[in-house]
Amino acid sequence: MIRRPPRSTLSSSSAASDVYKRQALSVIKMELEPMVAAIKLCNKGLELSEDQLDALLKCAPTDEEAAAVARIEGDTARLGKAERFVSLVSGTMVSFQNNLRVSLLRLNFSHRASQIEMETRSVVQAAEEIKSSAKLAKVFEYVLALGNHLNRGSATGVCHGFKLDGLLKFMETKGHDGTNLLHYLSGIITQKSPELNNFSNDIPSVFVVAKLAEELLDSNMKSLEEDFDCASATQCDPEAGLVEWLDKRKDKMKIARLAMGQMEAAIWEIGAYFGEEGTSTLKPFRAVVQFTNGYNAAIKKAQDAIRAAEEAAARKVR
């Protein structure tokens, strides 16, 4: 016969969490003993999926619950699933949550590290595309020349470069007919240097980078480092082979850190390229994409107008 502690030893919040644990455990669909054994070895054989580990994190036992179950006397095999889970986990691992965290890291480390490398390489590549595109540089020369033409006779005088804000303002300046300076610029370039109109083909990576969030890039790297440090400090069963697993991935961590440093340097260089020294954001890449999209839209609008005029003329001939 199992003797439970008086009901007063469990708070209402503990009772509620017991129900919650039963619900979380029900979606794992795995026997308790092999599941706890896998957690004890930090998911060495990758028996537990990411969804299962997420569910287990949600039902980690509190100290109060562990103490309450420990006071239960009798055959623990007759306990409910949630209580047996707490009984099996309590006292078998130094830190249940740390073991789960390490178990997750074993599952997703390669993907997370590769994702960081891929995204940082994209930023470095995008920066190089902007700096090395002769067509984009020539288009910017036209922008500068047009700006100086408009500023002629003003207090601004002749400029030898422009910042990002100036490029965006250039796009926003509109005439009485609703067109902006991009329409005028694209018309001049189409007339004098039509080979520049496809400059966007030189900067494919810029469009990819413009969609990234620098906050996520930083937080992803920080999160990976924190999880790796947690794994290094976790005391688990030697059979888990965690020390060997970490040793094999130290070089991958160094590569990820190096890639982050290269990305930060590339962002700084592009900021300086546009006169925005010290920038640590992806704003320059987004501004280039905004300018490019606006330019391409202006080209398309002009082409549509020409096509419509030709069709109208053809109808008159008939």
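We now turn to the structure provided with this report. These numbers were taken from a predicted model, which means no experiment stands behind them.

What counts and how
- Residues numbered from 1 in each chain as written.
- Predicted model: local features only at pLDDT ≥ 70, side-chain atom pairs only at ≥ 80, totals over all residues.
- Heavy atoms only, no water.
- Helix = DSSP H or I, 4+ residues; strand = E, 2+ residues; numbered from the N terminus.
- Contact = heavy atoms within 4.5 Å.
- Areas by Shrake-Rupley, 256 points an atom, 1.4 Å probe, with all protein chains shown as cover.
- Expected span 1.5 Å × (residues − 1).
- Bend = angle between axes of the 7 residues up to and from the residue.
- Buried < 20%, exposed > 50% of the residue type's maximum accessible area, 1.4 Å probe, protein only.
- Arc of directions from axis to C-beta.
- Disulfide = S-S within 2.5 Å.
- Salt bridge = Lys/Arg side-chain N within 4 Å of Asp/Glu carboxyl O.
- Core = buried A, V, L, I, M, F, W, Y, C linked by side-chain atoms within 4.5 Å.
- Axes fitted to C-alpha atoms, helices over the stretch in contact; angles between N-to-C directions.
- Parallel < 35°, antiparallel > 145°, perpendicular 65-115°, else oblique.
- Left-handed = near helix turned anticlockwise from the far one by under 90°.
- Nonpolar A, V, L, I, M, F, W, Y, C, P; charged D, E, K, R; others polar.

Some points on the overall build of the protein chain
Consideration 1: Scanning the protein chain for helices and strands turns up 13 helices and 0 strands.
Consideration 2: Starting at the N terminus and walking to the C terminus, you meet the elements of the protein chain as α-α-α-α-α-α-α-α-α-α-α-α-α.
Consideration 3: Within the protein chain, contacts between residues separated by at least 24 positions form 80% of all contacts whose residues are at least 6 apart in sequence.
Consideration 4: Accessible area of the protein chain: about 18,000 Å², with a carbon and sulfur share of 53%.

Brief notes about helix α6 (residues 96-132)
Because an α-helix packs 3.6 residues into every turn, residues spaced three or four apart end up facing the same way.
Consideration 1: In a regular helix each residue adds 1.5 Å, so 37 residues correspond to 54 Å; α6 covers 52 Å between its end C-alpha atoms and thus fits that length.
Consideration 2: The largest bend in α6 is about 60°, located at Asn108.

Things to note about helix α2 (residues 32-40)
Consideration 1: Considered for burial, the residues of α2 that qualify are Leu32, Met35, Val36, Ala38 and Ile39. Burial along α2 is one-sided: seen end-on, the buried residues are contained in an arc of 155°.
Consideration 2: Downstream of α2 by a residue or two, Cys42 has a phi angle that is positive, lying close to 55°.

Considering the state of the cysteines
Consideration 1: Applying the stated criterion to the full structure yields 0 disulfides.
Consideration 2: For the unlinked cysteine Cys42, the closest cysteine sulfur is that of Cys236, found at 3.7 Å.
Consideration 3: On the basis of relative accessible area, Cys42 is assigned to the buried category, the value being 0%.

Observations concerning the pattern of salt bridges
Consideration 1: This model, assessed by the stated rule, comprises 13 salt bridges.
Consideration 2: The partner of Glu225 in a salt bridge is Arg257, and the shortest N-O contact between them spans 2.8 Å. Taken together, the residues Glu225 in helix α11 (residues 214-233) and Arg257 in helix α12 (residues 242-273) connect sequence positions 32 residues apart.
Consideration 3: Linking Lys250 and Asp247 is a salt bridge whose minimum nitrogen-to-oxygen distance equals 3.2 Å. Separated by 3 residues within a single helix, Lys250 and Asp247 lie in helix α12, roughly one turn from each other.
Consideration 4: Residue class for Lys250 comes out partly exposed when judged on its relative accessible area of 42%.
Consideration 5: By relative accessible area, Asp247 is classed as partly exposed at 45%.

As for the nonpolar core
Consideration 1: One finds Ile130, Leu185, Phe285 and Phe291 to be the most contacted residues of the largest nonpolar core, which totals 55 residues.
Consideration 2: When contributions to this core are tallied by element, the ones reaching two or more residues are α6, α7 (134-150), α8 (164-172), α9 (181-192), α10 (204-209), α11, α12 and α13 (283-317).
Consideration 3: Top element by residues in this core is α12. It accounts for 10 residues.
Consideration 4: Beyond its immediate chain neighbours, meaning those up to four positions away, Ile130 contacts Leu136, Ile203, Val206, Ile270, Tyr273, Phe274, Phe285 and Val288.

Some points on unusual backbone geometry
Consideration 1: Despite not being glycine, Asn43 shows a phi value in the positive range, around 60°.
Consideration 2: Positive phi, normally seen in glycine, also occurs at Leu46, with a value near 55°.
Consideration 3: Among the structural elements, Leu46 can be located in the loop between α2 and α3 (50-58).

Some thoughts on the packing of α6 against α11
Helix-helix packing is characterised by the crossing angle of the two axes and by the distance between the axes.
Consideration 1: The geometry of α6 relative to α11 is characterised by a closest axis approach of 9 Å and an angle of 140° between their N-to-C directions. By the criterion of interaxial angle, the relationship of α6 to α11 is oblique. In this structure, the crossing between α6 and α11 has a hand that is left-handed. Mapping the contact onto sequence places Asn98, Arg101, Val102, Leu105, Phe109, Arg112, Ala113, Ile116 and Glu119 in α6 and Leu217, Asn220, Met221, Ser223, Leu224, Glu226, Asp227, Phe228, Cys230 and Ala231 in α11.
Consideration 2: Partitioned by chemical class, the residues of the contact of α6 with α11 number 11 nonpolar, 3 polar and 5 charged.

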